[in-house]
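Close look at the chain arrangement
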Amino acid sequence: LSVAGLPRFTSQPEAATVFQGDSEVMSCEVNLDLVPFTRWELNKAPVELSSRVVVLPSGALVISNASEADAGLYRCVVENVGVPKTSEEAELQVLPENEVERRLKFLRQPVPVTKVIGQSVLLPCVATGYPTPTVTWMLGEKPIEESEGRFELIGGGNLQILNLTEEDAGIYSCLASNLNETAEFQAELTIQAPPMFLKKPANIYAYESMDIIFECEVTGRPPPTVKWVKNGDAVIPSDYFKIIKEHNLQVLGLVKSDEGFYQCLAENDVGNVQASAQLIILDHDVAIPTPPPTSLTSATTDHVAPGTSGGPTPSAPRDVVASLVSTRFIKLTWRPPAEPHGDNITYSVYYSLEGTSRERIENTTRPGELQVNIHNLMPDTKYVFRVAAHNKNGLGESSTPLKVATQPEVQVPGPAPNLQAVATSPTSVTVSWEMPLTGNGEIQNYKLYYMEKGMGNEQDIDVAGLSYTMNGLKKFTEYSFRVVAYNKHGPGVSTADVVAQTYSDVPSAAPQNLTLEVLNSKSIMVRWQPPPPGTQNGEITGYKIRYRKVVRKSEIVESTIGAQLFQLIEGLERGTEYTVRVAAITVNGTGPPTEWGTAETFESDLDETRVPDIPSSLHVRPLVTSIVVSWTPPENQNIVVRGYAIGYGIGSPHAQTIRVDYKQRYYTIENLDPSSHYVITLKAFNNIGEGIPVYESAATRPLSVPDPSPMLPPVGVQASVLSHDTIKVTWADNSLPKNQKITDARYYTVRWKTNIPANTKYKTANTTNLSHMVTGLKPNTLYEFSVMVTKGRRMSTWSMTAHGTTFETTPNSPPKDVTVVSKEGRPRTIIVNWQPPSEANGKITGYIIYYSTNVNAEVHDWVVEPVVGNRLTHQIQELTLDTPYYFKIQARNSKGMGPMSEAVQFRTPKASGSSGRPAPPNPNSENGFGPPIGKPGHSGSPTQPLDNSILLIIIISVGAFTIIIVVIVAVMCTRRTTSQQKKKRAACKSANGSHKYKGNSKDLKPPDLWIHHERLELKPIDKSPEPNPVMTDTPIPRTSQDITPVDSTMDNTIHQRRNSYRGHESEDSMSTLAGRRGMRPKMMMPFDAQPPQPVISAHPIHSLDNHHHHYHSGSLASPTRSYLHHQINPRPLATPISHIDRANSAESVRNTPSADPLPVPVQPACTVEHPEPDSATSFLSAPPEEEPSYNPPTAHVRPTHPLKSFAVPAVPSSNPTFESPALPSTPLLTQTGPASQLHSVKTASIGTLGRTRTPMPVTVPSAPDVPETSKMLEDAESSYEPDELTEEMAHLEGLMKDLNAITTA
């Protein structure tokens, strides 16, 4: 609001004089609002305004190019409402021009002015002086031409601009100049523009909980401010009403009360505009119209088509969970509704702050999507979420509200404000800052980062305070600095980089490459290069040249300005030697000078009254597309040579001419044609002209055509396998002479890879020989090799491939994933499972399971359980209940054993269905447990003595029955023919070669199990056996001392047969009841060859008395042991058992529940080629699972039995691959050692594992394998000769005598 007052004159016109043709300004200053009402009068008559006479915006009158008509009395008049007001009169005198020089001065200069677009402006600029100045204007760096139409110079030099545009804004310069002086003044013209809409808000339909945006884009100068108004009330920004993208209004989570009219108001200093739009919130069953009508009222919903709602809507989504919760976003997941009622189900997530009713909505991006990410949440804030599904019928039920709190945000410091970096010296900068405004806790320290600009290797230093001075910086170098504050939560927000440059200093190095060139007898040209960049220490402002005569000490100094790198020193004396040095200069001073350079002026000046002589020589060297020209100067050095002219062309030297400096001695003519003949001329020239030319010709070389024929690839590539990781590759080269001797610089490249389709990565190696040793290969892996030859730039293709498979080696890793589980329904049986080793290094041929109750026991004290082939599971039976066992497994291939796995513990169950019942007399019954370990069983130390008479009767009856059976067997053996024996041996060879039987072989019959001995050992009967052996608490004693000693006479021949069966049995069970009960005991099988080292077997070993192990002719034999127990299993034996004699086994077979055939790692009885000749482990076949028997499993070095065998003599092995020589065959097996009793123990011993034991001499008999058959006795199929039978009969006679002696006793 402006209140008009009485007109007042701030200044009155003053009297003035002006020369004709010059300019003058009459001042009259009034209130600015009265300037439009101001006019001028001359001699009380209105002044006629023109381009020469102008009124300025301030009200002053400008008279340019004055004349006598302009003289008179001037006054200004203000005509407003009321009586006009006049100023005082002032006289203007016009003087004739006296042509005396007057200084240039401005009477009026431009001032800053602001105008609105479309208006006009007058920029004053009045200058006076003599000669009369001319005025020009510039906008920025661009001169303003009056011809542009809107620009006009009036009143001498005032610039008038009509119809202003935004492009007219800028800095205007007024330049006044005459012949003597030039002056300039500047002023800024600011153009303003009222607000204008680029995009107005549009009407919006929406549903509750949706987010909407009213768009409002405006422009103006200065930029307008935008406000939003709803129904006349200002919209205050909040969490739900936000101003985004400068001017747009966003409303989050609509509610019904958000409906209404919204206005966008834009305003700046020049004006304001407004635009409005309506927001209508529809019910969910009303469809949003497209496009919306231009005019909206609250009644528009009446004619909006409602959505289809004819069918059922989905039920609520299930299991809504927040699967990911962060500080500012939450990820929700859910399951589809139980009743979706259709396909293409979409979902909407509604969420709100806990405690508020305003919900927001987030929709899934595609049908069927069961998750959504909610962004832009507040940290450490509780939100309520619910999810609803949509089908074609509409929105379904909402899920149960889910409350989720976002995580709190770690409060780190904000940026440190007011960061400043100020150079304090050429090598130091002081950096300072203030405490962060948002420290979020105590600031612990600051980290100052600095970096030389343009280098990229940022360094940092810890600072405790708010400033730090960096020392040791480079001089005159820009550095950037930034600061990060640290609190207990970690680093905060970094500041922006600030840049500071260290001060300059004097150069620290001298200029480089100083050269002196004597031009004539009185001048020397000095040339140099600047100091190295890192030593200039500032901007080089010039160079200081010092020179002197060599014989004098006084110096003359000349200086250059700027970056000039040469200086001509003139006025020197003829024939005088001068020394020169140069130093660089900065604003800080002069740096170190160069070393003195020396040059001597000529005695006399060179002659330039004639042209130079002919160059003394010219040489050319042609290339493919260029010719190198070199020459020497004319012989007469007294004539000035200013340069040389080179002419060249095909056939003529005048096609092109090139001029070079007189110092140059060679030049390369480029861009010539190949295979072309050029003529070249060279002439020296000076200011007089060109001298005599010298000619030369040259033919450019032809283009080199690459050899189209590639090298021949190597042939005959062969891969020779040398070891498990080395293959030697050899080849021949057809491009070499017949002797295959390499005399040139060729080399060969060998490449190889594993022959796996997925593997395309080759490895390569170069060699100059015709073979290469490839090492570092994987064992048991097929590789392919190919070779190529390279000679210079020629190379061949790859040769044909050769293949080689590396040898196997022992596994490098143990079996993996070893697990032990109890077999369901059989608590004494466990199942061991495992996976093959990751580095098998060959085909796995078997595994060995070690188990023990003492995890710290030595390896030879563990029980060994062999597994054949690549089976990955195995059963172990008859373990002790409620006992912890430890299991280890090692893999085996044809090269040997791999490492053992880690021990796996397993505890057997506490209860067994049969543990409460006493063991029946027959050891082969269902619960046929062996004797308790560590307690006497049937081993000759009975705990319940029987009446002697009853025992005598039992012995006699058993002995009589045994005699009858022996006689029957003897008769049957005589009927056996040689052909049948050959058949059986042939079958044996076949069976042992394949290691498995296919059905029951009818022509393989078992021999007699005990009559092959010349003498039978009978046990004394001083004690009766324990009828009911029970389980021991210690299933695997570590040494034989843990077990009660037993009678040594127990180890007679019959006992050996009895121990060939699966379980231990009491003496009462050693009757033919076993045959009547149909038990199928396992039998021991002989081997032809046995390796010299002790053999591992997985079955218990009964004690052998070394003293009584030979013939006991003077002792009483127990008749209860002299029966013939020939119950034979009809199931064929899967694998022969490593044993010394057919029938005199000293071990009970430890049967495994596997039905698969097991390989025998020693050479079998028949001479067949065994695939695994170097293993020292005996593998046993599996018993029927329906006949569990307790048999304490052990692995032991078998003591060889001393009884002589009269089996078929050994046949030398025909297998040449068996590397371990067997011991020589002996008729009598003798055992050396102390006279100590051995006991039935469970131990594991491997001769190769480091435990020292004396090797036992063994026989190597060759006897047929004994398969199990259903017949008890096959006398007619006996494989023995009559002479052998004669010996057996002699044995029977001795037996009868022993029985008679027993009966008499």
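Cut-offs used in this document
Residues numbered from 1 in each chain as written. Predicted model: local features only at pLDDT ≥ 70, side-chain atom pairs only at ≥ 80, totals over all residues. Heavy atoms only, no water. Helix = DSSP H or I, 4+ residues; strand = E, 2+ residues; numbered from the N terminus. Buried < 20%, exposed > 50% of the residue type's maximum accessible area, 1.4 Å probe, protein only. Contact = heavy atoms within 4.5 Å. Disulfide = S-S within 2.5 Å. Pairing = 2+ DSSP bridges. Axes fitted to C-alpha atoms, helices over the stretch in contact; angles between N-to-C directions. Phe/Tyr/Trp six-rings, centres within 6.5 Å; stacked < 30°, edge-to-face > 60°. Lys NZ or Arg CZ within 6 Å of the ring centre and 35° of its normal. Core = buried A, V, L, I, M, F, W, Y, C linked by side-chain atoms within 4.5 Å. Salt bridge = Lys/Arg side-chain N within 4 Å of Asp/Glu carboxyl O. pLDDT = per-residue confidence, 0-100.

Further remarks concern the overall build of the protein. Helix and strand content of the protein: five helices and 77 strands. Among the 1305 residues that make up the protein, the fraction classed as buried is 48%. When contacts within the protein are restricted to residue pairs at least 6 apart in sequence, those whose partners lie at least 24 apart make up 70%.

A word on the state of the cysteines. Evaluation of the coordinates by the stated rule reveals three disulfides. Disulfide pairing places Cys 216 opposite Cys 264 at an S-S distance of 1.9 Å. Residues Cys 216 and Cys 264 share a disulfide whose torsion about the S-S bond is about -75°; that sign makes it left-handed. Of this pair, Cys 216 sits in the loop between β23 (212-214) and β24 (217-221) while Cys 264 is found in strand β29 (residues 260-267), placing the two residues 48 residues apart along the sequence. Neither residue differs from the other here; Cys 216 and Cys 264 are each classed as buried.

What follows covers the pairing of strand β9 (residues 72-78). Buried residues dominate β9, accounting for six of its seven residues. The pairing of strand β5 (residues 38-42) with β9 spans five bridges and is classified as antiparallel. What sits directly across from Trp 40, in β9, is Cys 76. Relative to strand β11 (residues 90-95), β9 runs antiparallel, the two being bridged by three bridges.

Our focus in this paragraph is the environment of Gly 260. In this structure, Gly 260 sits in strand β29. Residue classification places Gly 260 among the buried positions, given a relative accessible area of 12%. Expressed as a C-alpha distance, the spacing of Gly 260 and Leu 279, which sit 19 residues apart in the sequence, is 5.4 Å. Setting aside its immediate chain neighbours within four residues, Gly 260 contacts Asn 231, Ala 277, Gln 278 and Leu 279.

With that settled, the discussion passes to the sheet that holds strand β74 (residues 873-876). In space, the three strands of this open sheet follow the order β70-β71-β74, with antiparallel pairing throughout. Unpaired on one side and paired on the other, β70 (816-823) and β74 mark the two borders of the sheet. If you compare each strand with its neighbour and ignore which way they point, the axes differ by 20° on average. Bridging between β70 and strand β71 (residues 826-835) involves six bridges; their strand directions are antiparallel. What sits directly across from Thr 819, in β71, is Asn 833.

For the peptide bond that leads from Tyr 130 to Pro 131, omega is 0°, which places it in the cis range. Tracing the sequence through the fold places Pro 131 in the loop between β15 (126-130) and β16 (134-139). In the segment running from Arg 221 into Pro 222, the intervening peptide bond is cis, with an omega of -5°. With respect to the helices and strands, Pro 222 occurs in the loop between β24 and β25 (225-230). Positioned with a positive phi, Phe 476 is a non-glycine residue whose angle comes to about 50°.

Attention now moves to the pairing of strand β52 (residues 577-586). Counting buried residues in β52 gives eight out of 10 residues, a clear majority hidden from the surface. Examined bridge by bridge, strand β49 (residues 542-549) and β52 share eight bridges and lie antiparallel to one another. Counterpart to Lys 544 in the pairing with β52 is Ala 583. Inspection of the sheet shows β52 paired to strand β53 (residues 589-593) by three bridges, in the antiparallel sense. Across the sheet, Ile 585 pairs through a bridge with Thr 590, a residue of β53. The antiparallel pairing of β52 with β53 creates a hairpin that spans two residues between the two strands.

Once that is clear, we can look at the packing of aromatic side chains. The final tally for this structure, using the stated rule, is 16 aromatic pairs. On the numbers, 5.6 Å between centres and 55° between planes, the contact of Trp 731 with Tyr 748 is tilted. Within this pair, whereas Trp 731 is found in strand β63 (residues 727-732), its partner Tyr 748 is found in strand β64 (residues 747-754), the two being separated by 17 residues in sequence. Overall, the relative accessible area of 6% leaves Trp 731 in the buried class. It is Arg 482 that lies over the ring of Tyr 449; its NZ or CZ is 4.1 Å from the centre. Above the plane of the ring of Tyr 762 lies Lys 753, whose end atom (NZ or CZ) is 5.7 Å from the centre.

So, on to the nonpolar core. Formed by 22 residues in total, the largest nonpolar core has its most connected members in Ile 212, Phe 214, Trp 228, Leu 249 and Leu 279. Counting only elements with at least two residues in this core, the list comes to β22 (204-207), β23, β28 (248-251), β29 and β30 (272-282). The dominant element in this core, judged by the number of residues it contributes, is β30, at four residues. If sequence neighbours within four positions are ignored, Leu 249 has contacts with Ile 212, Ile 213, Phe 214, Trp 228, Val 235, Phe 241, Lys 242, Ile 243 and Tyr 262. In this structure, Val 18, Leu 34, Val 78 and Val 94 belong to the second largest nonpolar core, which totals 21 residues.

Right, let's get into the pattern of salt bridges. As enumerated under the stated definition, the model contains 31 salt bridges in all. Bridged by salt links that share partners, the residues Asp 733, Asp 744, Arg 746 and Lys 791 form one connected network.

The next point concerns the sheet that holds strand β18 (residues 151-154). Taken in spatial order, the three strands line up as β14-β19-β18 in an open sheet, and their pairing is antiparallel. This sheet does not close on itself; its edge strands, each paired only once, are β14 (121-123) and β18. Strand-to-strand, the axes of this sheet are offset by a mean angle of 25°, without reference to chain direction. Relative to strand β19 (residues 158-161), β14 runs antiparallel, the two sharing three bridges. Each residue of the ladder has a partner; that of Leu 122, found in β19, is Gln 160.

Within the secondary structure, Thr 594 sits in the loop between β53 and β54 (597-600). Since its relative accessible area comes to 10%, Thr 594 is described here as buried.

Attention now moves to the side chain of Thr 754. Looking at where Thr 754 falls in the secondary structure, it is placed in strand β64. Judged by relative accessible area, which is 12%, Thr 754 ranks as buried. Ignoring any residue separated from it by four or fewer positions in sequence, one finds Thr 754 in contact with Asn 759, Thr 781, Leu 782 and Tyr 783.

Turning our eyes to something else, we now look at the environment of Ser 398. Note that Ser 398 resides in strand β37 (residues 394-398). Separated by 82 residues in sequence, Ser 398 and Ala 316 place their C-alpha atoms 5.0 Å apart. Residues in contact with Ser 398, not counting those within four places in the same chain, are Ala 316, Arg 386, Val 387 and Ala 388.

Mean pLDDT for the protein: 74, with 70% of residues reaching 70 or above. In this model residues 293-309 is a low-confidence stretch, pLDDT under 50, and it forms 33 contacts with partners more than four residues away in sequence or in other chains. Note on residues 986-1280: pLDDT under 50 across the span, and 809 contacts to partners over four residues away in sequence or across chains.

Before going further, it helps to spend a moment on the environment of Ile 144. The topology assignment puts Ile 144 in the loop between β17 (142-143) and β18. Through-space distance from the C-alpha of Ile 144 to that of Tyr 172 is 9.4 Å; in sequence the pair is 28 residues apart. The contacts of Ile 144, once residues within four sequence positions are left out, are Trp 137, Met 138, Leu 139, Phe 151, Leu 159 and Tyr 172.

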